[in-house]
Amino acid sequence: MNLFKKKPLPEKTEKAKKTDSKSTPAVPDGMCVKCSGCGKTVYKKELGENKICPECFHYFRIGAKERVKMTADKNTFEEFDKTMHALNPLNYPEYEEKIKSMQEKTGINDAVLSGKCKIGGQETVLCVMDAGFIMGSMGSVVGEKITRAFEYATENKLPIIIFTASGGARMQEGIVSLMQMAKVSAAAAKHSQAGLLYVTVLTDPTTGGVTASFAMLGDIILSEPKALIGFAGRRVIEQTIKQKLPDEFQSAEFLLEHGFVDKIVERECLPNVLTEILRFHNRKGRETNE
Amino acid sequence: MYLQKYYDSTIGKVVKPMSSASDKVKIARKVSRPTALEYINHIFTGFIELHGDRNFKDDKAVVGGIAYLNETPVTVIGIQKGHTTEENIERNFGSPHPEGYRKALRLMKQAEKFKRPIITFVNTSGAYCGVGAEERGQGEAIARNLFEMANLKVPIISVIIGEGGSGGALALAVADRVWMLENSVYSILSPEGFASILWRDSSRAKEAAELMKITAENLLEMGVIDKVIKEAAGGAQNDFSFTANLLKTRLENEISELTSKDIQTLLKERYDRFRKFGDFTE
């Protein structure tokens, strides 16, 4: 699990380029950014609103707020549970401080943003995870927000779409994090029993306890190209089998080939594809304009 | 006074009081610790083992089948470790592949069809991490079990008899009652893994074990489990029939209580059992 992989600092120099070409992609605040796909430094504005490298078409990771903006119809997103705040079940040293600094950095209360919105004019519940918040790990708040989102969708007979981006369970909350896997999965099961649609969109990275719970439970599972998706971390597997793994291992394409993803969708096409899927499952069989 | 001295010089020497979390980790992992099949053979009668996931293969890290608890037909499933290296290689050290979880789900669905209560015995350091496991969807297999177990229309009791390691343990422990043997541990990850991820230093495993709240006592207090089954001093291997008989009595009582509930109540209570977990404010 890559819970605490370091992010590149803003404005990396040419020298730094060589040393951490494998580091986590993210969009820092500087003018230029280094692409972790091709290692080239590109102007930030050249990435465009979809945050794609103009040189090699590598996808930069994007935060939850930005993803909501890209996905939901303009001004339709109503956020749920804005003020929920993690406590510290293990009394893990400095956990509260960590949460606080992450909240300040990302502007969200934990590693998922949840709410309802319209996509292509159709009402849906939407949850978006943020890999920038303690590696998108799932603790009490993530588990509770997603569970409530499922319950809201079930009660209001709405579909739900979840964008996953997570290193897995939040280690700092111990067994309480493990229990979130069962809690969310049970809520997903209730939603499913009500005959409602659940779509997951796997983005880079989706691993560990999130893969082993709600990420793999969608009626339809989409993925962005080349996203890392797996159960165990690459390092752990390499240590277990004492071999190097091929590059494409645990990529979206690998999962598609092995039958665990329905479709790989390019970032710029996601809103349209989601609109189409929602339309297929719209109970009235037509668009609900307004 | 004399007795205390006598105790210290004899039994006390051999069987030190074990209380710290890292001591429990050691006991839970002992190769002599009784395995799932031993409990199954002791507690139930007429066990018929059923094999395979009807899809890929038979995973020997997971055993399951049908048996009687006194007169009641039940489905039993366990994660099986071995006592010797040879046995452990055969059982993959109790680390199931996806097909193991899928075999378990097949047997649980069968139990639902024939209205048999389900009893699972959990003992794994975690689901297997390997190429085949990823290719065949380890994450999906675990997720599917969590999803399906939440709604299985028969009573389920899970007993953690050794290690309860992460999602690989939870995949057989979404139950109406979750119990632990006194010296078992149940955790998000092994203490070594926890120390390695959070502190980049797996040698701090002992410290991690104390911090993580992984003992039966801790977890009972947190409501993660519902009952602790006593073991002989030093671990269940020192008096197997004591623990196994105790467990049998508890299972008999609990199964008869759970089967007397109507299904909707049972499912609602199971949902609420897991719904309550979370430590947050608003």
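Not measured: the values here are computed from a predicted model.

Cut-offs used in this document
- Residues numbered from 1 in each chain as written.
- Chains lettered and ligands numbered in written order.
- Predicted model: local features only at pLDDT ≥ 70, side-chain atom pairs only at ≥ 80, totals over all residues.
- Heavy atoms only, no water.
- Helix = DSSP H or I, 4+ residues; strand = E, 2+ residues; numbered from the N terminus.
- Buried < 20%, exposed > 50% of the residue type's maximum accessible area, 1.4 Å probe, protein only.
- Contact = heavy atoms within 4.5 Å.
- Areas by Shrake-Rupley, 256 points an atom, 1.4 Å probe, with all protein chains shown as cover.
- Rg over C-alpha atoms; globule rule 2.2 N^0.38 Å.
- Domains from an automatic or database assignment.
- Buried area = accessible area lost by both parts, 1.4 Å probe.
- Core = buried A, V, L, I, M, F, W, Y, C linked by side-chain atoms within 4.5 Å.
- Axes fitted to C-alpha atoms, helices over the stretch in contact; angles between N-to-C directions.
- Parallel < 35°, antiparallel > 145°, perpendicular 65-115°, else oblique.
- Left-handed = near helix turned anticlockwise from the far one by under 90°.
- Nonpolar A, V, L, I, M, F, W, Y, C, P; charged D, E, K, R; others polar.
- Salt bridge = Lys/Arg side-chain N within 4 Å of Asp/Glu carboxyl O.
- Polar contact = N/O pair within 3.5 Å; in protein donor to acceptor, adjacent residues only side chain to side chain.
- Pairing = 2+ DSSP bridges.

**Structural notes on the overall build of chain A**
Along the backbone of chain A there are nine helices and ten strands. Out of the 290 residues in chain A, the part that is buried amounts to 59%. Sequence separation of 24 or more characterises 67% of the internal contacts of chain A that already satisfy a separation of 6 or more. On chain A, roughly 12,600 Å² of surface is accessible, and the fraction owed to carbon and sulfur atoms is 50%.

**Re the overall build of chain B**
Along its length, chain B carries 14 helices and nine strands. The C-alpha radius of gyration of chain B comes to 19 Å, within 12% of the 19 Å expected for a compact globule of 282 residues. Taking all 282 residues of chain B together, 57% fall into the buried category. Nonlocal contacts in chain B, meaning residues at least 24 apart in sequence, comprise 70% of its contacts between residues at least 6 apart.

**Section: the domain arrangement of chain A**
Residues and elements named next belong to chain A. When its domains are assigned, chain A resolves into domain 1 (29-60) and domain 2 (62-289). Distance between the C-alpha centres of domain 1 and domain 2: 24 Å. Contacts between the two partners involve six residues from domain 1 and, on the opposite side, eight residues from domain 2. Summed over both sides, the interface between domain 1 and domain 2 buries roughly 620 Å², with carbon and sulfur atoms accounting for 48% of that surface.

**Focus on the nonpolar core**
Leu222 of chain A together with Tyr186 and Phe194 of chain B are the most contacted members of the largest nonpolar core, which has 140 residues in total. Looking at this core element by element, the count peaks at eleven residues for helix α5 (residues 175-193) of chain A. Among residues more than four places away in sequence, those in contact with Leu222 of chain A are Val199, Thr200, Val201, Leu202, Val261, Lys263, Val265, Leu270, Val273, Leu274 and Ile277 of chain A.

**Some details on the packing of α5 of chain A against helix α14 (residues 263-275) of chain B**
As a packed pair, α5 of chain A and α14 of chain B sit with axes 8 Å apart at the nearest point and diverge in direction by 140°. As judged from the angle between their axes, α5 of chain A and α14 of chain B are oblique. With respect to the hand of their crossing, α5 of chain A and α14 of chain B are arranged in left-handed fashion. Listed contacts from α14 of chain B to Met179, Ala182, Lys183, Ala186, Ala187 and Lys190 of chain A of α5 of chain A are Tyr271, Phe274 and Arg275 of chain B. Grouping the constituent residues of the contact of α5 of chain A with α14 of chain B by class yields six nonpolar, no polar and three charged.

**So, the pattern of salt bridges**
Applying the stated criterion across every chain, the model contains 33 salt bridges over all chains. Notably, a salt bridge pairs Glu224 of chain A with Arg67 of chain A, separated by 2.8 Å at the nearest N-O pair. Taken together, the residues span a long stretch of sequence, with Glu224 of chain A in the loop between β9 (220-223) and α7 (234-241) and Arg67 of chain A in helix α2 (residues 64-71) at a distance of 157 residues. A salt bridge links Glu257 of chain B to Arg177 of chain B, with the shortest nitrogen-to-oxygen separation between them at 3.9 Å. In this pair, Glu257 of chain B sits in helix α13 (residues 240-259) while Arg177 of chain B sits in strand β6 (residues 177-181), placing the two residues 80 residues apart along the sequence. A relative accessible area of 39% means that Glu257 of chain B is categorised as partly exposed. A relative accessible area of 18% places Arg177 of chain B in the buried class. Connected via shared salt-bridge partners are Asp81, Glu144, Arg148, Glu151 and Lys183 of chain A together with Arg275 and Glu282 of chain B.

**Observations concerning the interface of chain B and chain A**
Contact residues are listed per partner, giving 48 residues for chain B and 61 residues for chain A. Summing both partners gives a buried area of about 4,800 Å² for chain B against chain A, and 69% of it is carried by carbon and sulfur. When residues of chain B are sorted by the area they lose upon contact with chain A, Glu134, Ile188 and Tyr271 of chain B head the list and together hold 14% of the total. The interface formed by chain B and chain A holds three salt bridges in total. With a closest N to O distance of 2.8 Å, Arg148 of chain A and Glu282 of chain B form a salt bridge. Along the contact surface separating chain B from chain A lie 15 residue pairs in polar contact (both at pLDDT 80 or more). For the side of chain B that touches chain A, the elements supplying multiple residues, two or more each, are α7 (131-135), α8 (138-149), α9 (166-170), β7 (185-187), α10 (191-199), α14 and β9 (280-281) of chain B. Among the elements that make up the side of chain B that touches chain A, the one with the highest residue count is α8 of chain B (eight residues). Class assignment of the residues belonging to the side of chain B that touches chain A gives a composition of 27 nonpolar, ten polar and eleven charged. Across two bridges, the pairing between strand β4 (residues 85-86) of chain A and β9 of chain B is antiparallel. Bridging from a neighbouring strand, Ala86 of chain A pairs with Phe280 of chain B of β9 of chain B.

**With respect to unusual backbone geometry**
The linkage connecting Asp204 of chain A with the following residue, Pro205 of chain A, adopts the cis geometry, with an omega of -10°. Tracing the sequence through the fold places Pro205 of chain A in strand β8 (residues 198-206). With a phi angle near 55°, Lys242 of chain A is a residue other than glycine that sits in the positive phi range. If you trace the backbone, Lys242 of chain A turns up in the loop between α7 and α8 (252-257). What makes Lys242 of chain A exposed here is its relative accessible area of 70%. One non-glycine residue with positive phi stands out, namely Ser166 of chain B, at about 60°. Mapped onto the fold, Ser166 of chain B is located in helix α9.

**A look at the environment of His281 of chain A**
Residue and element names in this part refer to chain A. Note on placement: His281 falls in helix α9 (residues 270-281). Sequence-distant contacts of His281, defined by excluding residues within four places in its chain, comprise Leu197 and Ile220. At a separation of 2.8 Å, a polar atom in the side chain of His281 contacts the main-chain carbonyl oxygen of Ile277.

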